[in-house]
Amino acid sequence: MFYQELAEPVRHFKETEGDRSQVCKAMEERIDREKEKERIDNSFEHIKNLMEAMKMTAEQARAVLKITDADRAILAKRF
């Protein structure tokens, strides 16, 4: 395991099939959350770059990038 601080607690869960599937599901959910966060972070950086380089407003940059309404709500909190 790459993270020694997780090795002992995780070993307990990996000992049975049911617990193993719970660990796998939890890890998949965490990976999905990290991917989502990275996607939003990238969109934020792209919007900032357009605003700076093209002198656009945040709304104009979001329109150019075709940001979804759901992502707009998340990104609006950052501006």
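Rules behind the numbers
- Residues numbered from 1 in each chain as written.
- Predicted model: local features only at pLDDT ≥ 70, side-chain atom pairs only at ≥ 80, totals over all residues.
- Heavy atoms only, no water.
- Helix = DSSP H or I, 4+ residues; strand = E, 2+ residues; numbered from the N terminus.
- Rg over C-alpha atoms; globule rule 2.2 N^0.38 Å.
- Buried < 20%, exposed > 50% of the residue type's maximum accessible area, 1.4 Å probe, protein only.
- Contact = heavy atoms within 4.5 Å.
- Areas by Shrake-Rupley, 256 points an atom, 1.4 Å probe, with all protein chains shown as cover.
- Lys, Arg positive; Asp, Glu negative; His and termini not counted.
- Charge placed at Lys NZ, Arg CZ, Asp CG, Glu CD.
- Salt bridge = Lys/Arg side-chain N within 4 Å of Asp/Glu carboxyl O.

Colleague: Can you tell me about the overall build of the chain, naming the residues and giving the values?
Modeller: A tally of regular secondary structure across the chain gives four helices and zero strands. Secondary structure of the chain in N-to-C order comes out as α-α-α-α. The globule rule puts the C-alpha radius of gyration for 79 residues at 12 Å, and the 19 Å found for the chain is more than 25% above it. Viewed in the frame of its principal axes, the chain has a C-alpha envelope of about 55 × 25 × 15 Å. Across the 79 residues in the chain, those meeting the buried criterion constitute 16%. Considering only contacts in the chain between residues 6 or more positions apart, those separated by 24 or more positions represent 36%. Carbon together with sulfur atoms contributes 57% to the accessible area of the chain, which is approximately 6500 Å² in total. Each charge class in the chain can be summarised by its mean position, and for the 16 positive and 17 negative side chains these summaries are 5 Å apart.

Colleague: Help me get a handle on the pattern of salt bridges, residues and values and all.
Modeller: Here the idea is simple: oppositely charged side chains can pair when their charged atoms come close. For the structure on display, the rule yields eight salt bridges. For D41, the salt bridge identified is with R78, shortest N-O distance 2.7 Å. A residue pair is termed long-range when its members are at least 10 positions apart, and D41 in helix 2 (residues 17-54) and R78 in the segment after helix 4 (69-76) qualify at 37 residues. On the basis of relative accessibility, which here comes to 23%, the residue D41 falls in the partly exposed class. Residue K48 is joined to E45 by a salt bridge in which the shortest nitrogen-to-oxygen separation is 3.5 Å. Of this pair, K48 and E45 both sit in helix 2, separated by three residues, roughly a single helical turn. Exposure remark for K48: the relative accessible area of 35% places this residue in the partly exposed category. Put simply, E59, R62, D69 and R72 are held in one network by salt bridges that share partners.

Colleague: How would you sum up unusual backbone geometry? Please name residues and give values.
Modeller: Peptide bonds are mostly trans, and most non-glycine residues show a negative phi. Even without a glycine there, the phi angle at K55 is positive, about 55°. In this structure, K55 sits in the loop between helix 2 and helix 3 (58-64). Residue classification places K55 among the exposed positions, given a relative accessible area of 69%. A positive phi angle, close to 55°, is found at K66, a residue other than glycine. Residue position: K66 is located in the loop between helix 3 and helix 4. For K66, a relative accessible area of 72% translates into the label exposed.

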